[in-house]
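Read off the chains here:
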Amino acid sequence: MMPFTVSELIELCRQYYPTGRTLDDHQHETSPQWQRFHAKWHEALADQHQWLEFRRGVAAAFPTSLVGDATAYTHDGGYRCCIYAVEPRDKADGVSQEVVGCVSLLAPVYFIYCTQHRYRGGRRESPADTVFLEEMPVELGPTVSRLADLIESALGCQSLPPHVARTLIPDLCLDHIEPGRASLFKALFTLEPDVLP
């Protein structure tokens, strides 16, 4: 069972992001919602012990994979932990797959998605070639399940279902997102799921 209804999550997002503004209106940075959002991040940054401990636990659970922090601090609605699960067989011209766990700073919910990056000439291209928000690649299923267990046990969060995450919040103002295109996923987790370090 979800800790919040969709309506409650939308109202919660409206506490941290301004509404009724246009994309070119830069006054949103002075709004009380924006001030609240940044105060929440400053509070989180002052005590990162739980997040850092969680990331150490993820690294221990996946000893053969690189684990990194993909959080866009003070920009996104929460933390992101990335497991570089599948490295390309051919770095000259191959693909990698990543599993990303998002933990919202605004509500006790999380979301897991996967990305696929192309390698060309030995370099990983960015942004991701493909972002899987719903149907995950089968080979990543065990990694997704294990990461979900770790988030729930270490952080006490509940999964936000994909059909809820894609709910649009029509009048919400998010950086670089046109009005009417902001979703719960973008507000609670990340504006750019396809960008990873």
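As the structure is a computational prediction, the values presented were derived from the model and not from experiment.

Comments concerning the overall build of the protein chain
Counting its regular elements, the protein chain contains 6 helices and 7 strands. Starting at the N terminus, the α and β elements of the protein chain follow one another as α-α-α-β-β-β-β-β-β-α-β-α-α. For 197 residues, the compact-globule estimate of 2.2 N^0.38 gives 16 Å, and the C-alpha radius of gyration of the protein chain, at 17 Å, lies within 12% of that figure. Seen along its three principal axes, the alpha-carbon backbone of the protein chain occupies a region of about 50 × 35 × 30 Å. Looking at the 197 residues of the protein chain, the share that counts as buried comes to 45%.

Considering helix α4 (residues 141-155)
With 15 residues, α4 should cover 21 Å at 1.5 Å per step; its first-to-last C-alpha distance of 21 Å lies within 8% of that length. What α4 keeps buried is the set Thr 143, Val 144, Leu 147, Ala 148, Leu 150, Ile 151 and Leu 155. Burial along α4 is one-sided: seen end-on, the buried residues are contained in an arc of 165°. In α4, those exposed residues whose orientation departs by more than 90 degrees from the buried face are Pro 142 and Ser 153. Its buried side turned inward, α4 meets α3 (49-61), β2 (78-86), β3 (95-104) and β4 (109-120). Looking one or two residues beyond α4, the residue adopting positive phi is Gly 156, at roughly 70°.

Looking at the pairing of β2
Summarising burial for β2: 7 of the 9 residues are buried, a large majority. As paired elements, strand β1 (residues 66-69) and β2 share 4 bridges and run antiparallel to each other. Across the sheet, residue Val 67 finds its bridge partner in β2, namely Ile 83. Of the strand pairs in this sheet, β2 and β3 are connected by 8 bridges, and their pairing is antiparallel. Note that in β3 the partner of Cys 82 across the bridge is Val 100.

Considering the nonpolar core
Counting residues in each nonpolar core, the largest one holds 58 residues, and the members touching the most others are Tyr 17, Phe 54, Val 58, Ile 151 and Leu 188. Setting aside chain neighbours within four positions, we find Tyr 17 in contact with Gln 33, Trp 34, Phe 37, Gly 77, Leu 106, Leu 172, Cys 173, Leu 174 and Ala 187.

Notes on helix α1 (residues 6-16)
Within α1, the full set of buried residues consists of Leu 9, Ile 10, Leu 12, Cys 13 and Tyr 16. The buried side chains of α1 occupy one side of the element, clustering within an arc of 160° when seen end-on. If you follow the buried residues of α1, they end up packed against α2 (32-46), α5 (162-165) and α6 (184-188).

Overview of unusual backbone geometry
Cis geometry is adopted by the peptide bond preceding Pro 127, which originates at Ser 126 and carries an omega value of 5°. Here Pro 127 shows up in the loop between β5 (123-124) and β6 (130-132). If you check the backbone angles, Thr 74 has positive phi at about 65° while not being a glycine. The topology assignment puts Thr 74 in the loop between β1 and β2. The class of Thr 74 is partly exposed, set by a relative accessible area of 27%.

The rules behind the values
Residues numbered from 1 in each chain as written. Predicted model: local features only at pLDDT ≥ 70, side-chain atom pairs only at ≥ 80, totals over all residues. Heavy atoms only, no water. Helix = DSSP H or I, 4+ residues; strand = E, 2+ residues; numbered from the N terminus. Rg over C-alpha atoms; globule rule 2.2 N^0.38 Å. Buried < 20%, exposed > 50% of the residue type's maximum accessible area, 1.4 Å probe, protein only. Expected span 1.5 Å × (residues − 1). Arc of directions from axis to C-beta. Contact = heavy atoms within 4.5 Å. Pairing = 2+ DSSP bridges. Core = buried A, V, L, I, M, F, W, Y, C linked by side-chain atoms within 4.5 Å.

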